[in-house]
Amino acid sequence: MKNLLKMSDLSPAELTHILDVADQLKAQQKLGGTAPLLAGKTVALMFSKASTRTRTSFEVGVYQLGGLGNYMNTAELQAGRGEPLKDTARVLGRYYDCVVWRTYRQSDLEEFAELAGVPVINGLTDYAHPCQVLADLMTIRERRGSLAGRKLCFVGDGSSMANSLIVGGLLAGMQVTCVCPQSYRPAADVLMFAHKYGSAFHLTADPAEGIQDADVVATAVWNTAKPGTPESEQRLRDFVGFQLTGKLLESAKPDVMVLHCLPAHRGEEISSAVFEQHAPEIFDEAENRLHVQKAVLAILLAGK
Ligand code: CP
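Looking at an unreviewed UniProt entry, one finds the protein named Ornithine carbamoyltransferase, with Faecalibacterium langellae as its source organism.

1. A short note on the pattern of salt bridges
Under the criterion given, the structure shown has 18 salt bridges. When the shortest N-O distance is used, the salt bridge between Lys-49 and Asp-126 registers 3.3 Å. Placement of the pair is Lys-49 in the loop between β1 (42-47) and α2 (53-64) and Asp-126 in the loop between β4 (120-122) and α5 (130-144), with a sequence separation of 77 residues. The partly exposed category is assigned to Asp-126, whose relative accessible area is 44%. A salt bridge links Arg-235 to Glu-231, with the nearest nitrogen and oxygen atoms 3.2 Å apart. Taken as a pair, Arg-235 and Glu-231 lie in helix α9 (residues 230-238) at a separation of four residues, close to a single helical turn. Since its relative accessible area comes to 10%, Arg-235 is described here as buried. According to the relative accessible area criterion, Glu-231 is partly exposed, its value standing at 46%.

2. Quick word on the pairing of β1
Among the six residues that make up β1, six are buried, leaving the element largely enclosed by the rest of the structure. Burial along β1 is two-sided: the face carrying Thr-42, Ala-44 and Met-46 and the face carrying Val-43, Leu-45 and Phe-47 are both buried. In terms of handedness, the path from β1 via α2 over to strand β2 (residues 68-73) forms a crossover that is right-handed. Here β1 pairs with strand β3 (residues 98-102) via five bridges, running parallel. Residue Val-43 lies in a different strand from β3, and its bridge partner there is Cys-98.

3. Section: the site of the ligand
Near the ligand the following residues occur: Ser-51, Thr-52, Arg-53, Thr-54, Arg-102, His-129, Gln-132, Cys-261, Leu-262 and Arg-289. Contact between the ligand and Thr-52: an oxygen atom at 2.7 Å from a main-chain N or O atom of the residue. Taking 250 Å² as the accessible area of the ligand by itself, protein coverage stands at 92%. Among the residues making up the shell around the ligand, the classes are represented as two nonpolar, five polar and three charged.

4. Observations concerning the packing of aromatic side chains
Within the structure shown, the criterion is met by seven aromatic pairs. Ring centres of Trp-222 and Phe-239 lie 4.7 Å apart, and the angle between their planes is 5 degrees; this geometry places the pair in the stacked category. Residue Trp-222 is found in the loop between β8 (216-219) and α9, and its partner Phe-239 is found in the loop between α9 and β9 (257-260); the two are separated by 17 residues along the sequence. Of the two residues, Trp-222 and Phe-239, both sit in the buried class.

5. Focus: the packing of helix α1 (residues 12-30) against helix α11 (residues 279-302)
Packing of α1 against α11 leaves a shortest axis separation of 8 Å and a crossing angle of 115 degrees. Read as a crossing pair, α1 and α11 show a hand that is right-handed. Contact residues: His-17, Ile-18, Leu-19, Val-21, Ala-22, Leu-25, Lys-26, Gln-29 and Lys-30 in α1; Glu-287, Asn-288, His-291, Val-292, Lys-294, Ala-295, Val-296, Ala-298 and Ile-299 in α11. Grouping the amino acids of the contact of α1 with α11 by side-chain chemistry returns 10 nonpolar, four polar and four charged.

6. Brief notes about the sheet that holds strand β7 (residues 201-204)
Taken in spatial order, the five strands of this open sheet run β7-β6-β5-β8-β9, and their pairing is parallel. Of all strands in the sheet, those bounded by a partner on one side alone are β7 and β9. Going from strand to strand, the sheet's axes swing by 15 degrees on average, the running direction of each strand aside. Relative to β7, strand β6 (residues 175-179) is paired through four bridges, and the arrangement is parallel.

7. Topic: the UniProt feature "domain: Aspartate/ornithine carbamoyltransferase Asp/Orn-binding" (unreviewed entry) in the protein
Within this structure's numbering, the places UniProt gives as "domain: Aspartate/ornithine carbamoyltransferase Asp/Orn-binding" (unreviewed entry) are residues 149-299. With 40% helix and 15% strand, residues 149-299 has its two end C-alpha atoms placed 27 Å apart.

8. A short note on the nonpolar core
In terms of nonpolar packing, the biggest core is built from 63 residues, with Ile-121, Leu-134, Ile-140 and Leu-297 touching the most fellow members. For Ile-121, the contacting residues outside a window of four places in its chain are Leu-4, Phe-58, Cys-98, Val-99, Val-100, Trp-101, Cys-131, Val-296, Leu-297 and Leu-300. Listed in part, the 22 residues of the second largest apolar core include Cys-153, Val-155, Tyr-184 and Phe-239.

Calculation rules
- Residues numbered from 1 in each chain as written.
- Predicted model: local features only at pLDDT ≥ 70, side-chain atom pairs only at ≥ 80, totals over all residues.
- Heavy atoms only, no water.
- Salt bridge = Lys/Arg side-chain N within 4 Å of Asp/Glu carboxyl O.
- Helix = DSSP H or I, 4+ residues; strand = E, 2+ residues; numbered from the N terminus.
- Buried < 20%, exposed > 50% of the residue type's maximum accessible area, 1.4 Å probe, protein only.
- Right-handed = clockwise from strand over helix to strand, strands pointing away.
- Pairing = 2+ DSSP bridges.
- Near = heavy atom within 4 Å.
- Polar contact = N/O pair within 3.5 Å; in protein donor to acceptor, adjacent residues only side chain to side chain.
- Areas by Shrake-Rupley, 256 points an atom, 1.4 Å probe, with all protein chains shown as cover.
- Nonpolar A, V, L, I, M, F, W, Y, C, P; charged D, E, K, R; others polar.
- Phe/Tyr/Trp six-rings, centres within 6.5 Å; stacked < 30°, edge-to-face > 60°.
- Axes fitted to C-alpha atoms, helices over the stretch in contact; angles between N-to-C directions.
- Left-handed = near helix turned anticlockwise from the far one by under 90°.
- Contact = heavy atoms within 4.5 Å.
- UniProt positions renumbered as here; feature names shortened; annotations may be inferred.
- Core = buried A, V, L, I, M, F, W, Y, C linked by side-chain atoms within 4.5 Å.

See below:
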């Protein structure tokens, strides 16, 4: 593992190893702290979009591992005034041991990783959110004891979270269903990857059908457009019936887990009642961003 750019970069064994290291680091942190595995190491935390969890969990995680994490907003770098990202990559690669980047296009991230010469971690692109999905899988395994054979259903927009959960869930041996409106399907290459898993993957536009007997139901914001704009109004129409409500979840397993990567739009992708009922697992999921990202850093930079 040289970078973490998307879930399909990982083998099933690498995925399991990340989760195992994350469990160890979490247990050590609860007992007082982890070894300074990143002592003397520097991590650039570069953000081209807003973030609460990704930014702060990486800042705290690098600190807990004894390294130096520097947050930078790309709008405040020379990149924000037109310096090519290719040059930014070649400069930061000379100063830092690792770069975490949240940006828009996956192709920009992939090009950056080729040029930086140091490990690069995807902090979210329009295509993938591997750190979030690793935290989701860690949370499911922690609460249920295993992943293989369990039914994971994602309901929402077939974008970064859907793409990464489909691949991550299948790599972990889960049965994965993706429920999204016809015009919001996951990326074509993700569907090609998923179809290799035969009946372990199912794509549908019918939330009630998709959720049937699910062990875990995950969702994410689907009204990503600015409120009041024509795009936002269109999304509200397109996603009618895609809200996780108590009624919709009746067809899932009685002890279903509900995950939400946050931030949540209550009353859109999830009802307030369902969110509060499942808040314990949702905030475990948020906490596990910290532990699983520490594991990724420890593997990439300290050979764990
Ligand atoms: N889930 C997630 O990535 O949260 P942030 O946007 O706050 O980083």
